[in-house]
Amino acid sequence: MTESPISVERVSKEYLGGSLIALDDMSLNIEENKVTAFIGPSGCGKTTLLRLIAGLEFPSRGQIKSYGLTIQGPGPDRGMVFQAYTSFPWLTTIRNVEHGMQIQGVSRSEQKSRANHFLKLVHLEEFANAYPSELSGGMKQRVAIARTLAQNPQLLLLDEPFGALDAQVTWEMEEMVIEIIESENKTVVLVTHDIQEAIYLADRIIFFTRQPGKIKADLSMDFKKGKRFPRKEDLLSLSGYVDMEKNLYQMMREEIQGKIS
Ligand code: ADP
Ligand code: MG
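Residues numbered from 1 in each chain as written. Chains lettered and ligands numbered in written order. Predicted model: local features only at pLDDT ≥ 70, side-chain atom pairs only at ≥ 80, totals over all residues. Heavy atoms only, no water.

A word on the confidence of the model for the protein. Here the protein averages 93 in pLDDT, and 98% of its residues register 70 or above. Per-residue pLDDT, averaged within each element of the protein, yields its smallest value for helix H5 (residues 167–184) (90) and its largest for strand E9 (residues 204–208) (98). (pLDDT = per-residue confidence, 0-100. Helix = DSSP H or I, 4+ residues; strand = E, 2+ residues; numbered from the N terminus.)

With that settled, the discussion passes to the pairing of strand E10 (residues 215–220). Pairing of E9 with E10, which is carried by five bridges, proceeds in the antiparallel orientation. Across the sheet, residue Phe 208 finds its bridge partner in E10, namely Ile 215. What sits between the antiparallel neighbours E9 and E10 is a turn of six residues, in which Gln 211 has the positive phi angle 25°. (Pairing = 2+ DSSP bridges.)

Structurally, Glu 184 is set in helix H5. Glu 184 sits 96 residues away from Phe 88 along the chain, and the two C-alpha atoms are 25 Å apart. Setting aside chain neighbours within four positions, we find Glu 184 in contact with His 117, Phe 118 and Leu 121. (Contact = heavy atoms within 4.5 Å.)

The interhelical angle for the contact between helix H4 (residues 137–150) and H5, taken along N-to-C directions, is 20°, at an axis separation of 11 Å. When the interaxial angle is binned, H4 and H5 end up roughly parallel. When you trace H4 past H5, the crossing you get is right-handed. In this structure, H4 contributes Gly 138, Gln 141, Arg 142, Ile 145 and Leu 149 to the contact, and H5 contributes Val 169, Met 173, Met 176 and Ile 180. Counted by class, the contact of H4 with H5 contains six nonpolar, two polar and one charged residues. (Axes fitted to C-alpha atoms, helices over the stretch in contact; angles between N-to-C directions. Parallel < 35°, antiparallel > 145°, perpendicular 65-115°, else oblique. Left-handed = near helix turned anticlockwise from the far one by under 90°. Nonpolar A, V, L, I, M, F, W, Y, C, P; charged D, E, K, R; others polar.)

To continue, consider the pairing of strand E2 (residues 20–30). Note: strand E1 (residues 6–15) against E2, seven bridges, orientation antiparallel. Across the sheet, the residue bridging to Lys 13 is Leu 23, located in E2. Turn length for the E1-E2 hairpin, with the two strands adjacent in sequence and antiparallel, is four residues, and the turn residue Leu 16 shows positive phi of about 50°.

Strand order in the open sheet made by the four strands is E2-E1-E4-E5, with antiparallel pairing throughout. Unpaired on one side and paired on the other, E2 and strand E5 (69–70) mark the two borders of the sheet.

Moving on, we get to the packing of aromatic side chains. Scanning the entire structure with this criterion turns up three aromatic pairs. Ring centres of Phe 88 and Trp 90 lie 5.1 Å apart, and the angle between their planes is 35°; this geometry places the pair in the tilted category. According to the relative accessible area criterion, Phe 88 is partly exposed, its value standing at 26%. Looking at Trp 90, the relative accessible area reads 60%, which means it is exposed. (Phe/Tyr/Trp six-rings, centres within 6.5 Å; stacked < 30°, edge-to-face > 60°. Buried < 20%, exposed > 50% of the residue type's maximum accessible area, 1.4 Å probe, protein only.)

A separate point is unusual backbone geometry. The omega torsion of the bond from Gln 211 to Pro 212 falls at 0°, within 30 degrees of zero and hence cis. Position of Pro 212 relative to the elements: it lies in the loop between E9 and E10. You will see that Arg 10, though not glycine, has its phi angle at about 50°, which is positive. Within the element layout of this structure, Arg 10 appears in strand E1. Given a relative accessible area of 57%, Arg 10 falls into the exposed group.

Residues in close proximity to ligand 1 include Tyr 15, Leu 20, Ala 22, Pro 41, Ser 42, Gly 43, Cys 44, Gly 45, Lys 46, Thr 47, Thr 48 and Gln 211, which together make up its full environment. Contact distances for ligand 1 include 2.7 Å between an oxygen atom and a backbone N or O atom of Gly 43. The separation between an oxygen atom of ligand 1 and a polar side-chain atom of Lys 46 is 2.9 Å. Summarising the interface, the protein chains cover 66% of the accessible area of ligand 1, which totals 560 Å² for the free molecule. Among the elements that make up the shell around ligand 1, the one with the highest residue count is helix H1 (residues 46–54) (three residues). (Near = heavy atom within 4 Å. Polar contact = N/O pair within 3.5 Å; in protein donor to acceptor, adjacent residues only side chain to side chain. Areas by Shrake-Rupley, 256 points an atom, 1.4 Å probe, with all protein chains shown as cover.)

Quick look at helix H2 (residues 93–104) now. Along H2, the residues that are buried comprise Thr 93, Ile 94, Asn 96, Val 97, Glu 98, Gly 100 and Met 101. Of the surrounding secondary structure, the elements contacted by the buried residues of H2 are helix H3 (108–121) and H4. Where H2 ends, the next residue or the one after it, Gly 105, has phi of about 80°, a positive value.

With that settled, consider the pattern of salt bridges. One pass over the full model with this rule turns up 20 salt bridges. Asp 25 is paired through a salt bridge with Arg 10; the nearest N and O atoms lie 2.9 Å apart. With a gap of 15 residues between them, Asp 25 in strand E2 and Arg 10 in strand E1 connect regions that are remote in the sequence. Here Glu 57 ties to Lys 13 by a salt bridge, and the two come within 3.8 Å at their closest N and O atoms. With a gap of 44 residues between them, Glu 57 in the loop between H1 and strand E4 (61–66) and Lys 13 in strand E1 connect regions that are remote in the sequence. The exposure classification of Glu 57 matches that of Lys 13, with both residues buried. (Salt bridge = Lys/Arg side-chain N within 4 Å of Asp/Glu carboxyl O.)

In structure tokens, the structure reads:
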């Protein structure tokens, strides 16, 4: 059996000297070339687990392995896109995309060709020479996605990447992510609290319980029969969609009601 891109082995993460258990004895494997969504109410540990996978933090107990090797810190095999815009304001779009590759020591000509490829993929080729201040929120987030992809990570980690965008821009971005997944063949882990977004983008949804964060459900999106849909509305008439959505809303309600206020 080949090793999993990410295996989370009995991981706990505590904060505040152990009084806050963000993740409690969690185990899961991320599957190659699949989109796995982490979903759950606010504060259930989704970002924490993603940061552990990125190597930005370390488990209190247990371990996380990438292809069988314990994660020791951030690496070029794992690229993360955050909710907040992270472009450098003094660099143009194309320079922002090239920047990460420059740090990796990619040749100048390769930087240019990869930057152009990914700017096209995120529909920003016409804005290559614009500065971040001249771009909308959605465009800035597309710059961040292009920059991360240009560094050629095997694993793309997305933490609520559209959380700051309005509804219409969000579904345009979601459809763009489908295009990217189809053309770039990446393994993706997406953190979201948005049920419809998770169903649309994911092949598998891991539902987290709230404090301590544990796996409440591990759901395969079998009703999509392995297909990915370029248009979000095409999912709505699939048999199985409504049941999945209802199930996730019910789980979300249970977790929110269980909250100690
Ligand atoms: P989510 O992304 O699901 O909303 P987080 O992973 O950000 O949740 O947080 C899980 C829990 O851990 C929350 O209660 C949060 O306040 C706590 N937490 C996260 N990071 C820290 C930190 N650096 N110090 C203290 N508590 C933290
Ligand atoms: Mg979060």
